[in-house]
Amino acid sequence: MTAAPPLLEVEGLTKTYGQGRAGKVFALADVDFSLNKGETLGVVGESGSGKTTLGRTLLRLTEPSAGRVRVDGEDIAALSLSALKPLRRRLQIIFQDPFGALNPRHTVGKVIGEPLAVHGVGSKAERAAKVRDLLDAVGLEPDAVDRYPHEFSGGQRQRIAIARAIALEPDLVVADEPVSALDVSIQSQILNLIADLRRERGIAFLFISHDLSVVRHVSDRVAVMYFGRIVEQAETDALFASPAHPYTVALLSAVPHVAGDAIPAIERVAVTGELPDPSNPPPGCPFAARCPKAMDVCRQDRPPLVRRNVSERETRDVACHLFEGAG
Ligand code: SF4
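Residues numbered from 1 in each chain as written. Predicted model: local features only at pLDDT ≥ 70, side-chain atom pairs only at ≥ 80, totals over all residues. Heavy atoms only, no water.

Visitor: Would you explain the overall build of the protein in this entry?
Guide: Within the protein, the secondary structure is distributed over 10 helices and 12 strands. Its C-alpha atoms give the protein a radius of gyration of 21 Å, within 12% of the compact-globule value 20 Å for 327 residues. Dimensions of the protein along its principal axes, counting C-alpha atoms only, are 65 × 50 × 50 Å. For the protein, the residues scored as buried account for 48% of the 327 residues in total. (Helix = DSSP H or I, 4+ residues; strand = E, 2+ residues; numbered from the N terminus. Rg over C-alpha atoms; globule rule 2.2 N^0.38 Å. Buried < 20%, exposed > 50% of the residue type's maximum accessible area, 1.4 Å probe, protein only.)

Visitor: Would you mind going over unusual backbone geometry with me for this structure?
Guide: Positive phi values are uncommon outside glycine, yet Asp 72 reaches one of about 50°. Relative to the assigned elements, Asp 72 resides in the loop between β4 (66–71) and β5 (74–75). Even without glycine at this site, Glu 177 takes up a positive phi of about 50°. As for its placement among the helices and strands, Glu 177 is situated in the loop between β7 (172–176) and α7 (184–201).

Visitor: For this particular structure, what's the right way to read the nonpolar core?
Guide: Generally speaking, soluble globular proteins have nonpolar side chains that are buried together. Grouped together as the largest cluster of nonpolar side chains are 56 residues, with contacts concentrated most on Ile 112, Leu 135, Ile 160, Ile 162, Phe 207 and Val 224. With six residues, the single largest contributor to this core is helix α6 (residues 154–166). Leaving out residues up to four positions away in the same chain, Leu 135 has contacts with Val 108, Ile 112, Leu 140, Glu 141, Pro 142, Ala 144 and Val 145. Leu 8, Leu 28, Phe 33 and Leu 35 belong to the second-largest nonpolar core, a separate cluster that totals 29 residues. (Core = buried A, V, L, I, M, F, W, Y, C linked by side-chain atoms within 4.5 Å. Contact = heavy atoms within 4.5 Å.)

Visitor: What am I meant to see in the pairing of β4 here?
Guide: Taken residue by residue, a regular strand's side chains alternate between the two faces of the sheet. Where β4 lies against β5, two bridges are found, and the strand directions are antiparallel. Pairing of Val 71 across the sheet is with Glu 74, part of β5. Remark: two residues form the turn of the hairpin made by β4 and β5, two consecutive strands paired antiparallel; Asp 72 in that turn has positive phi of roughly 50°. (Pairing = 2+ DSSP bridges.)

Visitor: Honestly, the site of the ligand in this entry has me stumped. Any pointers?
Guide: Surrounding the ligand, one finds 13 residues, the nearest of these being Cys 285, Cys 291, Cys 298, Cys 320 and His 321. Placement of the ligand is best described as lying within the largest cavity. Considered class by class, the residues forming the shell around the ligand number 10 nonpolar, two polar and one charged. (Near = heavy atom within 4 Å. 1 Å grid on protein atoms, 1.4 Å probe; cavity = no way out; pocket = protein on both sides within 12 Å on 5 of 7 lines; lining within 4 Å. Sits in = over half its atoms within 2 Å of the grid points. Nonpolar A, V, L, I, M, F, W, Y, C, P; charged D, E, K, R; others polar.)

Visitor: What should I look at first to understand empty space enclosed by the protein in this one?
Guide: It is a probe the size of a water molecule, rolled over the atoms, that shows where empty space is left. Taken as a whole, this structure holds one cavity of 30 Å³ or more when the rule is applied. Looking at the largest cavity, its volume works out to about 90 Å³. If you trace the largest cavity, you find 14 residues lining it, with Pro 246, Cys 285, Cys 291, Cys 298 and Cys 320 closest to the centre. A breakdown of the residues in the lining of the largest cavity according to their chemical character gives 11 nonpolar, two polar and one charged. (Points joined across faces, edges and corners; volume = space filled by probe spheres on them.)

Visitor: Looking at this structure, how should I read the side chain of Glu 177?
Guide: Lys 51 provides the closest opposite charge to the buried, unpaired Glu 177, separated from it by 4.2 Å. Within the structure, the side chain of Glu 177 is placed 2.5 Å from the side chain of Ser 180, a separation counted as a polar contact. In this view, Glu 177 contacts Lys 51, Gln 96, Ile 208, Ser 209 and His 210; residues no more than four positions away in its chain are not counted. (Lys, Arg positive; Asp, Glu negative; His and termini not counted. Salt bridge = Lys/Arg side-chain N within 4 Å of Asp/Glu carboxyl O. Polar contact = N/O pair within 3.5 Å; in protein donor to acceptor, adjacent residues only side chain to side chain.)

Visitor: Just to check I follow, could you spell out the pairing of strand β12 (residues 315–318) for this structure?
Guide: Alignment of strand β10 (residues 229–235) against β12, held across two bridges, turns out to be antiparallel. Residue pairing in the sheet places Gln 233 in a bridge with Asp 317 of β12. With four bridges connecting them, strand β11 (residues 306–309) and β12 associate as antiparallel partners. Along β12, the bridge assignment pairs Arg 307 with Asp 317. In this structure, the hairpin formed by β11 and β12 is closed by a connection of five residues.

Visitor: Could you clarify how one ought to interpret a negative patch on the surface in this entry?
Guide: Residues Asp 133, Asp 136, Glu 141, Asp 143 and Asp 146 make up a contiguous surface patch of negative charge. On the secondary structure map, Asp 133 appears in helix α5 (residues 124–137). Residue classification places Asp 133 among the exposed residues on the basis of a relative accessible area of 54%. (Patch = residues over 30% accessible without salt bridge, like charges linked within 9 Å, V, L, I, M, F, W, Y side chains within 5 Å. Areas by Shrake-Rupley, 256 points an atom, 1.4 Å probe, with all protein chains shown as cover. Charge placed at Lys NZ, Arg CZ, Asp CG, Glu CD.)

Visitor: Any chance you could explain the packing of aromatic side chains here in plain terms?
Guide: Aromatic ring pairs are defined here through the distance separating the ring centres and the angle between the ring planes. Evaluation of the coordinates by the stated rule reveals three aromatic pairs. Site record: aromatic cluster; members linked through ring pairs are Tyr 226, Tyr 247 and Phe 287. Geometry around Tyr 17 places Lys 15 over its ring, the cationic atom sitting 5.0 Å from the centre. (Phe/Tyr/Trp six-rings, centres within 6.5 Å; stacked < 30°, edge-to-face > 60°. Lys NZ or Arg CZ within 6 Å of the ring centre and 35° of its normal.)

Visitor: Is there a simple way to explain the layout of surface pockets in this structure?
Guide: Taken as a whole, the largest pocket holds about 500 Å³ of empty space. Forming the boundary of the largest pocket are 19 residues, of which Leu 91, Gln 92, Ile 93, Pro 115 and Arg 164 lie nearest the centre. Of all the secondary-structure elements, those providing two or more residues to the lining of the largest pocket are α2 (81–88), β6 (91–94), α4 (108–118) and α6. Looking at the lining of the largest pocket element by element, the count peaks at four residues for β6. Broken down by class, the residue content of the lining of the largest pocket amounts to 13 nonpolar, two polar and four charged.

Quick look at the structure:
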């Protein structure tokens, strides 16, 4: 039996802005990955690594400069905006700040029902019934329809934003730091809701977060971004048990170890310095100036993201000269 094709295939996705002193400013460069139906890919990296640009560009909320974004084989990066509209139903986004994403002058019923109305789904009565079902699905009382977003707590507002995002029964939701603005006690409730929706409705998630503990909790696979590029990608357990790229090692070493965790603590690796200037990128590995393992070659040649042997038993996509010659 042949495997089902991926829901989403991203190839060479690039976003540049203007012209810097040394040419274009790359916010996103040559990003490749795929996502299966119902799968969750976590995207991690520090601020400025390109995570949010990736989420917005693949949905074409920001226009890509180059590359392909195939949804069930159809390249949405090449579609006109009118041809894109029916596909938008299948691709939704949840933002970090639910309040900013919800119109404060609209009732919750209108906020959640709006995508249904825009896409002409059902009659008015059917849409009203669907909104009540959606409120129930995200753990809110149906009588919330007549209230306004400011009447709800931060966690409840994120539930409203999630109800709106799933109203059109999407195949993929980009969740951009969906719990970062919430209290820790509320974060796990929202993460559990996302996990339930994924299980019950088969929705795939691209889960963007700077918080590695959160990403580990929800993701099947993790892509680590640095300076607009994916530098390592692996199954979640494998990545957390044995990070390969020195940047991933540094990120994971900063996560506090919890007693009883099956994954051993990683010795703390201090990484100093900043991301390079995107208007004047270095010729070699963009992490070279901060990397404790940098070699001469690292300052000359940028390592591509390719499948390498990272141990005797495991291969993984990693962009680092340390693994060259290892398969
Ligand atoms: Fe460090 Fe070199 Fe690997 Fe870049 S390529 S992460 S500088 S070892």
